[in-house]
Amino acid sequence: MSQVIALVDDDRNILTSVSIALQAEGFLTRVYTDGQSALKAFADNPPDLGVFDIKMPQMDGMELLRRVRETSAMPVIFLTSKDDELDEALGLAMGADDYISKPFSQRLLIARIRALLRRQELAKGNSTGNGESAPAETPLIERGRLVMDPARHKVLWDRKDVTLTVTEFLILEALAQRPGVVKSRNQLLDIAYQDDVYVDDRTIDSHIKRIRRKFRAVDTQFDAIETLYGVGYKFGEE
């Protein structure tokens, strides 16, 4: 079954051209000119991935992402104004998985979409696609109060659910697999952003902040992810 991409942008020219390009690559597309109509449609028929413009009337991309993240961890790519670092930082801090600055190459956008969807399948345990569960041998990662189930893209802290995006899950998984071992920003980038996609290494800082914020929503004392300034991050040894 073809994967569904939701395009949300008040620029109809972008919606039309990107939709045609994605359909030529085998995707199904749904287009929306504002965040409100998109959010309403997502509730009844969620897409596999969203591409959101940030600056839109009525409900901008930031607010749309915030509302989506209340119930869903679907991958989201932001379209930002050229060189607008504030937009990029805010978007990533709120839980976006990636961003692309306008004007952008459709080929680059399609590559980013494919990379995120592949990582989503990886995080779900490479489901067979016919309704069967992922292989039973996929091991849980248990580190003290943390339990990660890669096959189901599920995270628990003190038996409470923590909803992570695909990118956040991959970063946390890399850290939790080897407690006490420091991972540099570049190492985490290689894990979270494959396919030779260029992303600034400070992007990892935004993802780490977002992960910590989500865990502190269920445990205000959460401090398992440690920062080693100038070096990187590690998951604390038990």
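Residues numbered from 1 in each chain as written. Predicted model: local features only at pLDDT ≥ 70, side-chain atom pairs only at ≥ 80, totals over all residues. Heavy atoms only, no water.

Draft legend 1. Expanded view of the packing of helix H6 (residues 166-177) against helix H7 (residues 185-192). Contact pair H6 / H7: the axes reach a minimum separation of 9 Å and the direction vectors enclose 130°. When the axes of H6 and H7 are compared, the pair comes out oblique. Between H6 and H7 the crossing geometry is right-handed. For the pair formed by H6 and H7, the contact residues are Thr167, Leu170, Ile171, Ala174 and Leu175 on the first element and Leu188, Ile191 and Ala192 on the second. Taken together, the residues of the contact of H6 with H7 sort by class into seven nonpolar, one polar and no charged. (Axes fitted to C-alpha atoms, helices over the stretch in contact; angles between N-to-C directions. Helix = DSSP H or I, 4+ residues; strand = E, 2+ residues; numbered from the N terminus. Parallel < 35°, antiparallel > 145°, perpendicular 65-115°, else oblique. Left-handed = near helix turned anticlockwise from the far one by under 90°. Contact = heavy atoms within 4.5 Å. Nonpolar A, V, L, I, M, F, W, Y, C, P; charged D, E, K, R; others polar.)

Draft legend 2. Empty space enclosed by the protein, seen in detail. In this structure the tally under the stated criterion is one cavity of 30 Å³ or more. Here the largest cavity is characterised by a volume of approximately 40 Å³. Around the largest cavity, the lining residues are Leu7, Val8, Asp9, Ile14, Leu15, Val18, Val51, Leu79 and Phe104. Contributions of two or more residues to the lining of the largest cavity are made by strand S1 (4-8) and helix H1 (12-24). Of the residues forming the lining of the largest cavity, the biggest block, three residues, is contributed by H1. Along the lines of polarity and charge, the residues of the lining of the largest cavity split into eight nonpolar, no polar and one charged. (1 Å grid on protein atoms, 1.4 Å probe; cavity = no way out; pocket = protein on both sides within 12 Å on 5 of 7 lines; lining within 4 Å. Points joined across faces, edges and corners; volume = space filled by probe spheres on them.)

Draft legend 3. Structural context of the UniProt feature "modified residue: 4-aspartylphosphate" (unreviewed entry) in the protein chain. Under the present numbering, the feature "modified residue: 4-aspartylphosphate" (unreviewed entry) in UniProt falls on Asp53. With respect to the helices and strands, the residue Asp53 is situated in strand S3 (residues 49-53). Each residue touching Asp53, except ones within four places of it in the same chain, is listed here: Val8, Asp9, Asp10, Gly61, Leu79 and Lys102. (UniProt positions renumbered as here; feature names shortened; annotations may be inferred.)

Draft legend 4. Focus on the pairing of strand S2 (residues 28-32). Bridge analysis of S1 against S2 gives five bridges, and the strand direction is parallel. Bridging from a neighbouring strand, Leu7 pairs with Val31 of S2. Each parallel crossover has a hand, and for S1 linked through H1 to S2 it is right-handed. (Pairing = 2+ DSSP bridges. Right-handed = clockwise from strand over helix to strand, strands pointing away.)

Draft legend 5. Layout of the packing of H6 against helix H8 (residues 203-216). Where H6 contacts H8, the two axes come as close as 10 Å, and the packing angle between them is 85°. The angle between H6 and H8 places the two elements in the roughly perpendicular class. Here H6 contributes Thr167, Glu168, Ile171, Leu172 and Leu175 to the contact with H8, which in turn contributes Ile204, His207, Ile208, Arg210, Ile211, Lys214 and Phe215. Partitioned by chemical class, the residues of the contact of H6 with H8 number seven nonpolar, two polar and three charged.

Draft legend 6. Highlighting the pairing of S3. Within S3, five of the five residues are buried, leaving the element largely enclosed by the surrounding structure. Neither face of S3 is left uncovered, since the one carrying Leu49, Val51 and Asp53 and the one carrying Gly50 and Phe52 both have all their residues buried. The pairing of S1 with S3 spans four bridges and is parallel. The residue of S3 that forms the bridge with Ile5 is Leu49. After leaving S3, the chain enters helix H3 (residues 61-68) and then returns to the sheet as strand S4 (residues 76-80), a path that is right-handed. (Buried < 20%, exposed > 50% of the residue type's maximum accessible area, 1.4 Å probe, protein only.)

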